[in-house]
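Understanding the architecture of this molecule
Residue-level listing of the chains:
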Amino acid sequence: MDKAWWKESVVYQIYPRSFCDSNGDGIGDLNGIISKLEYLKELGVDVIWLSPVYQSPNDDNGYDISDYKAIMTEFGTMEDYDRMLARAHELGIKIMMDLVVNHTSDEHAWFVESRKSKESPYRDYYIWRDEKDGKEPNNWGGCFGGSAWKYDEGTGQFYLHLFSPKQPDLNWENPQVRKEVFNMMTWWCDKGIDGFRMDVISLISKRPGLPDGPAGKSGYGDPGCANGPHVHEYLQEMNQEVLSKYDLITVGECSGVTVEEAKKYASVEGKELNMVFQFEHMDLDGGESFKWNHKKIRLTELKKVMSKWQTELYGKAWNSLYWCNHDQPRMLSRIGNDSGKYREVCAKMLGTCLHMMQGTPYIYQGEELGMTNYPFTSLEEFRDIESINAYHELTEKGVVSKEDMFDYISYKGRDNSRTPMQWDESPQAGFTSGTPWIAVNPNYKEINAAEQMSREDSVFRYYQKLIKLRKEHEIIVYGDYTLLLPDSEEIYAYVRSCKKQKLLVVCCFTKKETVYELPQEFSRQSGKVLVSNYGRRSVEETLILAPYEAAAILY
Ligand code: NOJ
């Protein structure tokens, strides 16, 4: 398998609004990030993925960009950005920008012009249609509720917005749009950035004729948009025009992506992207009303999905590995045990399970501390457009009761991962000297970076170790993967193989003590325990796994 630095890297995602506030306005900023770069260096990550820092009216916290070449006023200035980039590079950390080009803000100059008249040279930068039988041009629903179309009084037409009405979709069929996007990307690359995470890039090519989708369906996987007919052509063009000219790390956020599609987006031939974010494991607890429920993911199902991606992409395309990001609740609260004496072992177990797999791992801020979901008690505590809109829409339609819906958004809402980073035990967890834009999790006195860094047996130190192991053992990066015990609801065990080495990874997903008989091929040899969340130094033929125990053993 061809080696590459981005295959050997570990990425850390920063959600700038919630990371570190340097000026007391309650909103994280670039100078705050600069002040924490040494922390990330100590953790050992290679790359930072910065969620959007561009100028934006913040209808969707920066995923609605009004100027791609300016920094959001609340986050600082372009000079701050340049200093951040330079300091990160000095420390050997790369910076990956969030590229949000499926849509812009409705306040972007292109849209402002486009909206002015049907004759505007920018009209065709967006997707405008006439009404159909007195209604929207088709039945597509927006990801944040309601129709995906908004009527514009000025010119009497509708425009498409797969997300909020303040996020109009760009028309990628227009070569001029592609040229503008590629020029903007080149501008950032020339500044010296190291890569792009591409927001909902699988949605940029809409089906010809924009046909109706199945009634009542909406959301990321809208059949009218995911993996559309020209998406690969556009990405190949992007690759030729921009990506291939630099040494970048690229990951496409690909809602609705299948393994077959991923082999095209992230093929080893390198014609498009390095890797994709797939959603199948995140969708396992989805259901009728999109993601809104309180279902638990079954371990057997999780293993099936993870293993499919591990084995089917092997040698053909490259995987990304993630449990958490700014759109997901904390995995520790979702599938693990987030309170009391098991919180830390469980956080370490989840880290082991993911970081010993094949692919490039992504750590979301606070995951390395074992941060948890937020204990919401009222709707006023929510900030996220997605949760707030869904609450109103589903309760007003009578689809879900208010009580249930509150439970669902509290459990699955994106604000769970957007609460401020917990730095220390000072007021507001050391995130800000002012009032934070979203409440700090009240558990910050117990869970914070200062406390974690003061102890050798903390989650932070364990993540440090996982990252280091990846640098020391080729098998973790390049080895193949075989699942063991597919039917167990308690144990996730798999084997990685590379040349003559084997790595056995065993993770117990329950708080019950669980017996695990080592497969024969391992029971007769003595392996070296590379990492264990219970300080285990050796393994016997029969392992009595403690609650949430995890170990990776090299043979
Ligand atoms: C995916 C992003 O991760 C999410 O936060 C955002 O709301 C949508 N794309 C729209 O840009």
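So, about the packing of helix H3 (residues 78–90) against helix H5 (residues 175–191). At a minimum axis separation of 11 Å, H3 and H5 run at an interaxial angle of 55°. Classed by the angle they form, the pair H3 and H5 counts as oblique. Here Met78, Tyr81, Asp82 and Leu85 of H3 lie close against H5, whose contacting residues are Trp187, Trp188 and Lys191. Residue composition of the contact of H3 with H5, by class: 5 nonpolar, no polar and 2 charged.

Here we come to the site of the ligand. Neighbouring the ligand are 13 residues; Asp60, His103, Asp199, His326 and Asp327 lie closest to it. In the model, an oxygen atom of the ligand is placed 2.5 Å from a nitrogen or oxygen of the Asp60 side chain. His326 places a polar side-chain atom, nitrogen or oxygen, 2.8 Å from an oxygen atom of the ligand. For the ligand, whose free accessible area comes to 300 Å², the fraction covered by protein is 100%.

Before going further, it helps to spend a moment on the domain arrangement of the protein chain. Considered domain by domain, the protein chain is made up of domain 1 (11–104 + 174–374 + 415–466), domain 2 (109–160), domain 3 (375–414) and domain 4 (480–554). Of note, the centres of domain 2 and domain 4, computed from C-alpha atoms alone, are 55 Å apart.

Take the sheet that holds strand S8 (residues 157–160) next. Pairing within the open sheet is antiparallel, and its 3 strands lie in the order S6-S8-S7. Where the open sheet ends on each side, the last strands, each with one partner, are strand S6 (128–129) and strand S7 (149–152). Alignment of S6 against S8, held across 2 bridges, turns out to be antiparallel. Looking across to S8, one finds that Trp128 is bridged to Tyr159.

An order of S11-S10-S9-S5-S2-S1-S13-S12 is seen for the 8 strands of this open sheet, with the pairing classed as parallel. Bordering the open sheet on either side are strand S11 (275–277) and strand S12 (320–321), each of which pairs with just one other strand. Bridge analysis of strand S10 (residues 249–253) against S11 gives 3 bridges, and the strand direction is parallel. Bridge assignment links Val251 to a residue of S11, and that residue is Met275.

Analysis parameters
Residues numbered from 1 in each chain as written. Predicted model: local features only at pLDDT ≥ 70, side-chain atom pairs only at ≥ 80, totals over all residues. Heavy atoms only, no water. Axes fitted to C-alpha atoms, helices over the stretch in contact; angles between N-to-C directions. Helix = DSSP H or I, 4+ residues; strand = E, 2+ residues; numbered from the N terminus. Parallel < 35°, antiparallel > 145°, perpendicular 65-115°, else oblique. Contact = heavy atoms within 4.5 Å. Nonpolar A, V, L, I, M, F, W, Y, C, P; charged D, E, K, R; others polar. Near = heavy atom within 4 Å. Polar contact = N/O pair within 3.5 Å; in protein donor to acceptor, adjacent residues only side chain to side chain. Areas by Shrake-Rupley, 256 points an atom, 1.4 Å probe, with all protein chains shown as cover. Domains from an automatic or database assignment. Pairing = 2+ DSSP bridges.

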